Amino acid sequence: MAVLSSLLFASTRLLAPFRLLFWELAVDTRITWLSLSVQRCYTSDTSVSSADHLSSGLEKYKDLQKYFSRRLKAAYHRFSNVPDHSMVFGHHHMYFIEEDGIYRMDRRQSDLEPEQVLDIGQVSGGQENEERKQRFQWTVQRIRLSPQEKHLAATLKFSHREELRCVVVRLGKRHLLPVDPQPVILTLEKVFSFEWATDNVLFYTTLEELRSSAVYCLDLTSSGSRITPVYEETQPDVFVEVALSRDRQVLTINCNSRSSSEVLLCDITRSHLEPFLVQPRQLDLLYHVEHWRKWFIMLANTGPGQEYQVVKAPLSEPSKASWDSLYAPDPGTVIKDMDIVGDHCVLVTTTAVSQLALIVVPLTHPKEAYTVPLPSWTCALETKKPGLAEKQNVLEFLISSPVHPPVPYCLYPENGLLISATGDGSLPENLDNYMTTRLEACSQDGTLVPVTLFHGLSVESLRQAPLLVHVYGAYGRDLNMDFCPPKKMLLEQGWILAYCHIRGGGERGLTWQRQARVEGKHRGVEDLQACLHHLFSSGVSSPSLTALTACSAGAVPVGALCNRHPHMIRAVTLQAPFLDVLGTMQDPSLPLTLEDRDEWGDPVGNPKHRHIITSYCPFHNITPQRYPSMLLTAYSGDARVPLAGIIKYAEKLKTVIHTHLSMQPKSEWEPAPSIVLNIQPGANHLGPEDFEQILEEEALKLAFLYTELGLEPPRPPRRRKR
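(A) Structural context of the packing of aromatic side chains. Applying the stated criterion across every chain yields a total of 15 aromatic pairs. Consider the rings of Phe68 and Tyr706, whose centres lie 4.9 Å apart with planes at 40 degrees: the pair is tilted. Of this pair, Phe68 sits in helix α2 (residues 62-78) while Tyr706 is found in helix α13 (residues 691-708), placing the two residues 638 residues apart along the sequence. Across this residue pair, the class does not change: Phe68 and Tyr706 are buried. Seen from their ring centres, Phe96 and Tyr103 are 6.1 Å apart, and the 15 degrees between their planes marks the pair as stacked.

Here you go:
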């Protein structure tokens, strides 16, 4: 599915969910989750002093970190066999990923050994010798099969790099020796998105300095191969990617900024693959195109309040003048995504009570649309891309939450039948003791802000429980709420998990995002404050037992709240935090500064914007007072968030805390809050990918939280001796 995600693109200050291959725990199992904490490299306490204090800061958490590392490994092992959609199905073969490459099995002869079609060791040979030795640091990101399974294309990622390498493999008959991989035709560097138009034609985009602006066509029909440019985007804030319609009839070139869209199409059922324009770019018009019979079915923000609705247009005249509304959701319901399944349009929506639901729109009779409820705990939904030979009239998907492992479902839109893999929708394990509660907090201007709460006891019994609050609120992105074993472990240890869906994110539609952009950024901070106040006043935990966690741009409301109301939280963990908004946005030489002006404003050319940014910027509003303890994660190879800004923030914070403490009478001295700065050399904005590093970093985060909140770590029950 991922329709609307193409309108949000990658060149933002965010940590996107990504795939991790946990080979140490289980073969072929991939878990989707948000990149976690950071490897310890450089730490500091609040005294402005020498390296002795830096190393002593680390020692403070060392023993607990080892303990939690063991617990986390057990947690991941426990959920190593959760279902996913990593396998790719062709006409006759099933393709899957293992540690050393891609394999396939013949679906007609299941007794045969798997055949390797790509050896990662072969394609890593173009790097330096040291990288050859570390070939298992390459991971497969995405696989695409050509229509008749003649070729396979796959993107590979090397540790600490954002650029991807695309490998094209010619698929032939099974080799006599199953260990011999299929021949690699060629490799393409810095590929971002790619799709097969025909068995011999591959369209792809490249990523250069966080910008994807060029589309190319690889033609394998000629002798050897030929690459020709197809499209070049000149606007710096436009991100380009290619996609294939679900029925594989149309290839789209999606050119999206944060405020407008432009889509070009190629009808791949014809020999002529020249792209044509659907609707020229128009300010504040966003749209995405799918294909059905002789029509284009689109999601466009032409509904009430400039929210998304479903429209259709004939193939012969796809421009906006021909758009005809098919379905507009009721007030309070927001469309999050769309798929065309047979003769039905299936919409993923958020209801007025902030729950996910499916709405099925029969394309032949759109007025007969109906809603398919999902389990009340559902917070994330991932659809499966149909295989080459699979039926197009069923939608397969996984539902999950941060503490609920994925559960497979099938929807048959023709009759509204919804079937779970377990038959009754039950989970792989008993989660009846854990509750999902949806609250609303009243912000300063009267807006109701959704809060999702996961807990083991009733809300009335949560006053003494530790609380971990998650927040983001930028770029129209929803909080990541995929299943995460460490979150499940915290819930089992008595924690409360709160997810605050503040304005600036996309949880309640495009209007929700627009209200907290540029001149409205303060609303996100006010929303977060309101959420905490509502939780405390409802009997959920207390400030002394509360920690905030955020990543990237989510650090802005967190940092601003720490400046304004530091007494509301005890500890904070931030990953790749964007903290110096003013300094970054007034430096056009930095990556994303120009692209991000729609989100944060232009402090150089607009005095009003400068005044607004200065009023909330976390770095520029640090003042002598008692701050919560902080664990700051930074990556030296991060091109999205400048490392210098994070270091400056940490040093300034230590200085003002030291100043504040020195002004207090000795009789009122309290232990100084810990400010821990971790810088991992080489890693990019997405953080580490090595499983052992991830374990250590998440263990450090847990050790920090337990120490700073004054909690005793739970000990596993001892086994009775017989």
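(B) Structural context of empty space enclosed by the protein. Counted under the stated rule, the structure contains six cavities of 30 Å³ or more. Size it by volume and the largest cavity reaches roughly 100 Å³. Among the residues forming the lining of the largest cavity, the class breakdown is two nonpolar, four polar and four charged. Taken together, Gly473, Ile502, Arg503, Ala516, Lys521, Gly524, Val525, Ala553, Val556, Pro557 and Trp600 make up the lining of the second largest cavity.

(C) Main features of helix α7 (residues 522-537). Here α7 contains 16 residues, and its C-alpha end-to-end distance of 23 Å stays within 8% of the 22 Å for a straight helix at 1.5 Å per residue. For α7, the complete set of buried residues consists of Gly524, Val525, Glu526, Asp527, Leu528, Ala530, Cys531, Leu532, Leu535 and Phe536. Of the surrounding elements, those touching the buried residues of α7 are β31 (435-442), β32 (448-455), β33 (467-471), β34 (496-500), β35 (546-551) and α8 (555-564). Once α7 ends, the next one or two residues include Gly539, with phi positive near 90 degrees.

(D) A nonpolar patch on the surface, seen in detail. Taken together, the side chains of Tyr412, Leu417 and Ile419 present a nonpolar region at the surface, about 230 Å² in accessible area. Along the chain, the position of Ile419 falls in strand β30 (residues 417-420).

What counts and what doesn't
Residues numbered from 1 in each chain as written. Predicted model: local features only at pLDDT ≥ 70, side-chain atom pairs only at ≥ 80, totals over all residues. Heavy atoms only, no water. Phe/Tyr/Trp six-rings, centres within 6.5 Å; stacked < 30°, edge-to-face > 60°. Helix = DSSP H or I, 4+ residues; strand = E, 2+ residues; numbered from the N terminus. Buried < 20%, exposed > 50% of the residue type's maximum accessible area, 1.4 Å probe, protein only. 1 Å grid on protein atoms, 1.4 Å probe; cavity = no way out; pocket = protein on both sides within 12 Å on 5 of 7 lines; lining within 4 Å. Points joined across faces, edges and corners; volume = space filled by probe spheres on them. Nonpolar A, V, L, I, M, F, W, Y, C, P; charged D, E, K, R; others polar. Expected span 1.5 Å × (residues − 1). Contact = heavy atoms within 4.5 Å. Patch = residues over 30% accessible without salt bridge, like charges linked within 9 Å, V, L, I, M, F, W, Y side chains within 5 Å. Areas by Shrake-Rupley, 256 points an atom, 1.4 Å probe, with all protein chains shown as cover. Salt bridge = Lys/Arg side-chain N within 4 Å of Asp/Glu carboxyl O.

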